[in-house]
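Descriptive structure summary
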Amino acid sequence: MTNIAVFASGRGTNLSAIIKAVKKGKIQANLSLLVCDQPGAGAVGRAKRAGVKTALVKRQDFHGKKEFEDKIIEYLEESKIDLIVMAGFMRILSPGFVEKYSGRILNIHPALLPAFKGSHAIKDAFEYGVKVTGATVHFVDEKMDHGPIILQKAVVIEGNDSLGSLENKIHKAEHRLYPEAIRLFCEGKLKLEGRSVKVL
Ligand code: GAR
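These figures come from a predicted structure and were not determined experimentally. (Residues numbered from 1 in each chain as written. Predicted model: local features only at pLDDT ≥ 70, side-chain atom pairs only at ≥ 80, totals over all residues. Heavy atoms only, no water.)

1. Structural notes on the overall build of the chain
Summing up its helical and strand segments, the chain has 6 helices and 9 strands in all. For the chain, whose C-alpha radius of gyration is 16 Å, the value lies close to the compact-globule estimate of 16 Å for 200 residues. With the principal axes as the frame, the chain shows a C-alpha extent of 50 × 40 × 35 Å. Considering the chain as a whole, with its 200 residues, one finds that 48% of them fall into the buried category. In the chain, 62% of the contacts between residues at least 6 apart in sequence involve partners at least 24 apart. (Helix = DSSP H or I, 4+ residues; strand = E, 2+ residues; numbered from the N terminus. Rg over C-alpha atoms; globule rule 2.2 N^0.38 Å. Buried < 20%, exposed > 50% of the residue type's maximum accessible area, 1.4 Å probe, protein only. Contact = heavy atoms within 4.5 Å.)

See the structure below:
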């Protein structure tokens, strides 16, 4: 079975959706580890309540990015991790790290990539005035919010939507989309061909 590590820095609602899908048997995998860089993050409490082991790795405790990532790799190897699932982990992984886990790192982004990359995607899309936005799950490569797209879900922005209601809609979409993409990965149904991902 696939051993999964979730990387998170924030609330951890995607982590909870993944925990739920694993518990229900929708994803046949072990959720073996949470890697978190923020001690106060909601994700830490959610992992604790679900009995998921947590590795708290604070960037400021390390001299450089390499030492920080080496510590993370130590945890990943200790738990024999096969798949890394980034769920609101607000740090860019170095090219060396990405290369090491190439084809085995997923990320979720709250917009329809390649539109609205970055850390304020929902607000950026709302303020731009687009009529449709959504969520994207993609493989991670060395550029931010850039790697091959696995699944996307569109969310329509209605005239009466506020930024808050749009955030709720997108998070709801994410909580369905991410477990589905992880399931496909764990069942060996994702075939990477250059920039394109075939769902078998
Ligand atoms: C999610 O909306 C995710 O798409 C976003 O962080 C949020 C984490 O929420 N990620 C990015 O913006 C990455 N560029 P959560 O902690 O409740 O799962």
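2. Concerning the site of the ligand
Around the ligand sit 14 residues in total, of which Gly 12, Thr 13, Asn 14, Pro 110 and Glu 174 are the nearest. At 2.7 Å, a backbone N or O of Gly 12 approaches an oxygen atom of the ligand. Within the contact set of the ligand, a nitrogen atom lies 3.1 Å away from a side-chain nitrogen or oxygen of His 109. The protein chains hide 90% of the 450 Å² of surface that the ligand would expose on its own. (Near = heavy atom within 4 Å. Polar contact = N/O pair within 3.5 Å; in protein donor to acceptor, adjacent residues only side chain to side chain. Areas by Shrake-Rupley, 256 points an atom, 1.4 Å probe, with all protein chains shown as cover.)

3. Thoughts on the side chain of Asp 141
The residue Asp 141 is located in the loop between β6 (132-139) and β7 (149-156) in this model. We note that Asp 141 is buried and unpaired, the nearest opposite charge coming from Arg 195 at a distance of 4.2 Å. Looking at Asp 141, its side chain comes within polar contact range of the main-chain nitrogen of Lys 143, at 3.0 Å. Among the polar contacts made by the side chain of Asp 141, one reaches the side chain of His 146 at a distance of 2.6 Å. If near-sequence neighbours (up to four positions away) are discounted, Asp 141 is found in contact with Val 98, His 146, Gly 147 and Arg 195. (Lys, Arg positive; Asp, Glu negative; His and termini not counted. Salt bridge = Lys/Arg side-chain N within 4 Å of Asp/Glu carboxyl O.)

4. A word on the sheet that holds β7
Spatially, 7 strands are ordered β3-β2-β1-β4-β5-β6-β7 in an open sheet, and the strand pairing comes out mixed. The strands lining the two open edges of the sheet, one partner per strand, are β3 (54-56) and β7. Averaged over all neighbouring strand pairs, the angle between strand axes comes to 20°, with direction disregarded. Against the sheet, helix α1 (residues 13-23) makes contact with β1 (2-8), β2 (29-36), β4 (83-86) and β5 (105-109), and its axis sits at roughly 165° relative to β2, the strand it touches most. (Pairing = 2+ DSSP bridges. Axes fitted to C-alpha atoms, helices over the stretch in contact; angles between N-to-C directions.)

5. Notes on the nonpolar core
Formed by 37 residues in total, the largest nonpolar core has its most connected members in Ile 4 and Ile 182. A per-element tally of this core places helix α6 (residues 163-186) first, with 7 residues. When sequence neighbours within four positions are dropped, the list of residues in contact with Ile 4 reads Ile 27, Ala 29, Asn 30, Leu 31, Ser 32, Leu 33, Ile 81, Leu 83, Val 85, Ile 182 and Cys 186. Among the nonpolar cores identified, the runner-up in size contains 20 residues, and Phe 7, Leu 33, Met 86 and Val 98 belong to it. (Core = buried A, V, L, I, M, F, W, Y, C linked by side-chain atoms within 4.5 Å.)

6. Observations regarding unusual backbone geometry
Cis peptide bonds are those with omega within 30 degrees of zero, and the linkage from Leu 113 to Pro 114 qualifies with 10°. Among the secondary structure elements, Pro 114 is positioned in the loop between β5 and α5 (121-128). With a phi angle near 50°, Lys 80 is a residue other than glycine that sits in the positive phi range. Mapped onto the elements of the fold, Lys 80 is located in the loop between α3 (65-78) and β4. According to the relative accessible area criterion, Lys 80 is exposed, its value standing at 61%. In this model, Asp 145 sits at a positive phi of 50°, which is unusual for a non-glycine residue. Among the structural elements, Asp 145 can be located in the loop between β6 and β7.

7. As for the packing of aromatic side chains
Each aromatic ring pair is characterised by the separation of its centres together with the angle its planes make. Overall, the coordinates contain 6 aromatic pairs when judged by the stated rule. On the basis of an interplanar angle of 35° and a centroid distance of 5.3 Å, the ring pair of Phe 97 and Tyr 101 is categorised as tilted. For the pair shown, Phe 97 and Tyr 101 are each scored as buried. A ring pair is formed by Phe 116 and Tyr 128, whose centres lie 5.7 Å apart and whose planes are at 70°; its orientation type is edge-to-face. In this pair, Phe 116 sits in the loop between β5 and α5 while Tyr 128 sits in helix α5, placing the two residues 12 residues apart along the sequence. Here Tyr 128 falls in the exposed class, since its relative accessible area comes to 65%. Taken together, the ring pairs in this structure connect Phe 7, Phe 89, Phe 97 and Tyr 101 into an aromatic cluster. Lying over the aromatic face of Tyr 75, Lys 71 brings its terminal NZ or CZ to 5.3 Å of the ring centre. (Phe/Tyr/Trp six-rings, centres within 6.5 Å; stacked < 30°, edge-to-face > 60°. Lys NZ or Arg CZ within 6 Å of the ring centre and 35° of its normal.)

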